[in-house]
Amino acid sequence: MVGGIQQLIGAIKHGGNPQRMVMSMLEQSTQSNPIAKNIYSLARQGNYAEIEQIARNMTRERGLDFDKEFNSFKQMFGL
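What you see is a predicted model, and the numbers here were worked out from it, not measured in a lab. (Residues numbered from 1 in each chain as written. Predicted model: local features only at pLDDT ≥ 70, side-chain atom pairs only at ≥ 80, totals over all residues. Heavy atoms only, no water.)

**Q** Sorry if this is basic, but what is going on with the nonpolar core here?
**A** Burial of nonpolar side chains together is a common tendency in soluble globular proteins. Listed in full, the seven residues of the largest apolar core are M23, I39, Y40, L42, A43, I51 and I54. Sort the elements by how many residues they give to this core and helix α3 (residues 34-45) lands first, with four residues. Residue contacts for I54: discarding those within four places in its chain leaves N38, I39 and L42. (Core = buried A, V, L, I, M, F, W, Y, C linked by side-chain atoms within 4.5 Å. Buried < 20%, exposed > 50% of the residue type's maximum accessible area, 1.4 Å probe, protein only. Helix = DSSP H or I, 4+ residues; strand = E, 2+ residues; numbered from the N terminus. Contact = heavy atoms within 4.5 Å.)

Dropping the structure here:
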């Protein structure tokens, strides 16, 4: 996964299409991960609210705050 994140950061820095890169990463991971398969399907349908809800649930289950974690994630990309 670290390699995938590095590729995503590289794509963003070099004017690549980050959405296409993320979709490609998700598609590859769906082979063995049913959660990723569901998220990929939701993304292809444009159901981003459901994806956000899944992410919120997953962070809550891990004792984390989604908004804080998402803000940290965005800061990594200077957003």
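So, next bit.
**Q** What should I look at first to understand the environment of E50 in this one?
**A** With respect to the helices and strands, the residue E50 is situated in helix α4 (residues 48-61). Expressed as a C-alpha distance, the spacing of E50 and I39, which sit eleven residues apart in the sequence, is 8.6 Å.

**Q** Teacher, can you tell me more about the packing of α3 against α4 here?
**A** Running from N to C, α3 and α4 point in directions that differ by 150°, and their axes come no closer than 8 Å. It follows that α3 is roughly antiparallel to α4 by the angle criterion. Counting all contacts with α3, which are made through N38, I39, L42 and A43, the residues of α4 involved are Y48, E50, I51 and I54. Residue composition of the contact of α3 with α4, grouped by class: six nonpolar, one polar and one charged. (Axes fitted to C-alpha atoms, helices over the stretch in contact; angles between N-to-C directions. Parallel < 35°, antiparallel > 145°, perpendicular 65-115°, else oblique. Nonpolar A, V, L, I, M, F, W, Y, C, P; charged D, E, K, R; others polar.)

**Q** Is there a simple way to explain α3 in this structure?
**A** The α-helix advances 3.6 residues per turn, and as a result positions three or four apart in sequence lie on the same side. Between the first and last C-alpha of α3 there are 17 Å, a value that for twelve residues agrees with the 16 Å anticipated at 1.5 Å per step. The N-capping residue of α3, defined by a side-chain oxygen 3.0 Å from the backbone nitrogen of I35, is N33. Trailing α3 by a residue or two, G46 shows a phi angle of about 80°, which is positive. (Expected span 1.5 Å × (residues − 1). Polar contact = N/O pair within 3.5 Å; in protein donor to acceptor, adjacent residues only side chain to side chain.)

Read these as layout, nothing more, since geometry by itself doesn't imply function.
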